[in-house]
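# Chain and residue survey
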Amino acid sequence: MSSLRCIAKHPSITLVDLLTTLKELKQIHAQLLVNGHLNDRVLLGQFVATIALRNPRNLHYSDQVLGHYETPTLFTFNSMIRAYSRSSTPQNSFHFYNRILRSAHGLSPDNYTFNFMLRTCAQLAARETGPSVHGAVVKRGFEADPHVQTGLIFMYAELGCLGSCHMVFGEIPEPDVVCQTAMVSASAKCGDVGFARELFDEMPERDPIAWNAMIAGYAQCGKSREALGLFYLMQMEGVKVNEVSMVSVLSACSHLGALDQGRWAHAYIEKNKLRMTVTLGTALVDMYSKCGAMNKAMEVFWGMKEKNVYTWSSAMGGLAMNGFGEKCLELFSLMKQDRVRPNEVTFVSVLRGCSVVGLVEEGHEHFNSMKPVYGIEPEIEHYGCLVDLYGRAGRLFEALNVINSMPMTPHAAAWGALLNACRMYKNWELGEFASRKIVELESKNHGAYVLLSNIYAESKKWDGVSNVRQVMKAKGVRKIPGCSVIEVDGEVHEFFVGDKSHPRYNEIEIMLGEISRRLKLFGYVVNTNPVLFDIEEEEKEDALCKHSEKVAIAFGLISLREGVPIRIVKNLRVCWDCHEVTKMISKVFNREIIVRDRNRFHHFQDGECSCNGYW
């Protein structure tokens, strides 16, 4: 044991770290060989483990070193399994697991072996191999080991098998805090946040990992207000906040479009001197982008010391989403100059950037460069972007040709992009065809039925509207209610169509009347054509007046100080009437209004919108 302590403190060994180059590693290896340190199996294992675990780039070299020795220890094999389970080639872990099983020196897998193997299966998303490793755990008698139990829960959560997580957890008589935390994380990850919260509330001890898992679970399943509420509770209880916590908080702010809370989170990060990792910086860029504050997003982006392809792609996606297509493409050029290799996500951002500014030919060139230049096979989302690119430019039949030439079955989003273009350019026949294709793919896609109904309504074909309504009723398809979210003084307010429960609704209704009065004086006439059903004009006007984004705008006008932009996030696409009304409100009330709908941002100011007529 004394010799082990000696080599652990050996100056040569301490030099092996994340920054060690292969040349330096070979020099250290030579010195240890000359001094005879590697003749001892235990010391050899320490050296191999150090190479493998401290620098993933040198993992292959540790494999080569190990290949020159016939009797490695179990610790050495476990270290290799562990290192490969974290690598880009986790399947190599099985090679070392098999070497343990075939060992001529009586080696046998232990609890650490299985814990690392379970991590490997989780990373591989190996639905068949995972249960096999579980069977080996039981066969070798390690099913009661706390580390293995936690590993099993983690693995099944990664595989999306929540039932198996419950099975493992239910067989543990007295799960410790680590195992309980794993189950909270598994339930939250798999979407069962109700059970996760129940278990979380019952835990006698809750470490930061449990808090982070619960907050992340809420953020991932769209319960952003609950995520932020739990974060504030976490602070009140004095739990240490780290990078993981803040990434989930920023994700929740992004979803809600809660810029004030996002700014507060950014200030919290700086005040508490949390390390600005690539992940955290990218989350900040994404948050500011999705809240419509692109200047701040780019300020964070350029201030980051380290950026990866996801950081660049996030910034480019934000620019495209906010209508700055040219800036998106400029950033793409800078990314390539910086020798950052684009990935699939990058090209989605690039194609969207081309689409929002109508650069059809340039977008087509970028699409065609993916495979030959970067080795990236275009995926279904890239084809959908190409359809949108042609559709926005009014080249509807070229968009249709893209769909017909796709090497995979066209998805509903591609037909949806074509359908929206048909609505904009009033090609009712092709629009009806696209709508029916969506319904064939997704029989309960309420958006397709509504758009088809609007196409019929635009052309006054009320029989068609009625037929759509009957089909929806027969198939049990319900229109998702519109919901708009606005943040005022750090508090998030939600408004649904027809909901009058807000404590200030009487004031909101008065403001809606004032908006209507001023717009009519300004010459505005309601466009009732797209209203879903053939009802009286006065009823249609009332129905449009109560759309959730108009209610949210009215609340913003009575709640926010003059000069403060009104920022709204809507769960559905903004309708034509609301779009035109919001343009006029921005002029009549002299307010900047930013609306993020299901598709993109709309920046309204002085009676103009950033979408230039296409939304």
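Definitions and limits used
- Residues numbered from 1 in each chain as written.
- Predicted model: local features only at pLDDT ≥ 70, side-chain atom pairs only at ≥ 80, totals over all residues.
- Heavy atoms only, no water.
- Core = buried A, V, L, I, M, F, W, Y, C linked by side-chain atoms within 4.5 Å.
- Buried < 20%, exposed > 50% of the residue type's maximum accessible area, 1.4 Å probe, protein only.
- Helix = DSSP H or I, 4+ residues; strand = E, 2+ residues; numbered from the N terminus.
- Contact = heavy atoms within 4.5 Å.
- Phe/Tyr/Trp six-rings, centres within 6.5 Å; stacked < 30°, edge-to-face > 60°.
- Disulfide = S-S within 2.5 Å.
- Pairing = 2+ DSSP bridges.

## Describing the nonpolar core
Core analysis: the biggest nonpolar cluster contains 154 residues, and Ile153, Met246 and Leu418 have the highest contact counts within it. Looking at which element gives the most residues to this core, the answer is helix α26 (residues 412-424), with eight residues. Filtering out sequence-adjacent residues up to four positions away, Ile153 remains in contact with Cys165, Val168, Phe169, Cys179, Ala182, Met183 and Ala186.

## Looking at the packing of aromatic side chains
Summed over all chains, the structure comprises 18 aromatic pairs. When the ring of Phe200 is compared with that of Trp211, the centres are 5.0 Å apart and the planes differ by 85°; the resulting orientation is edge-to-face. Within this pair, whereas Phe200 is found in helix α13 (residues 193-202), its partner Trp211 is found in helix α14 (residues 208-220), the two being separated by eleven residues in sequence. Accessibility assignment for this pair places Phe200 and Trp211 in one class, buried. Look at Phe347 and Tyr374: their rings are 5.4 Å apart centre to centre, the planes differ by 55°, and that puts the pair in the tilted class.

## Thoughts on the state of the cysteines
Here, disulfide denotes a covalent bond that connects the sulfur atoms of two cysteines. For the structure on display, the rule yields zero disulfides. Free of any disulfide, Cys291 has its nearest neighbouring cysteine sulfur in Cys253, separated by 6.8 Å. Using a relative accessible area of 2% as the deciding quantity, one classes Cys291 as buried.

## Side note on the environment of Met335
Within the fold, Met335 resides in helix α21 (residues 325-337). For Met335, a relative accessible area of 0% gives the class buried. If we skip the residues at most four places from it in the chain, Met335 touches Val309, Trp312, Met316, Val340, Arg341, Pro342 and Thr346.

## Some thoughts on the sheet that holds strand β3 (residues 566-570)
The six strands are arranged β2-β1-β3-β4-β5-β6 in an open sheet whose pairing can be described as mixed. Two strands bound the open sheet, and with one partner strand each, they are β2 (491-496) and β6 (608-609). Bridge count between strand β5 (residues 601-605) and β6: two bridges; the pairing is antiparallel. Bridge pairing in β6 places Gln605 opposite Glu608.

Read these as spatial facts, not as claims about activity.
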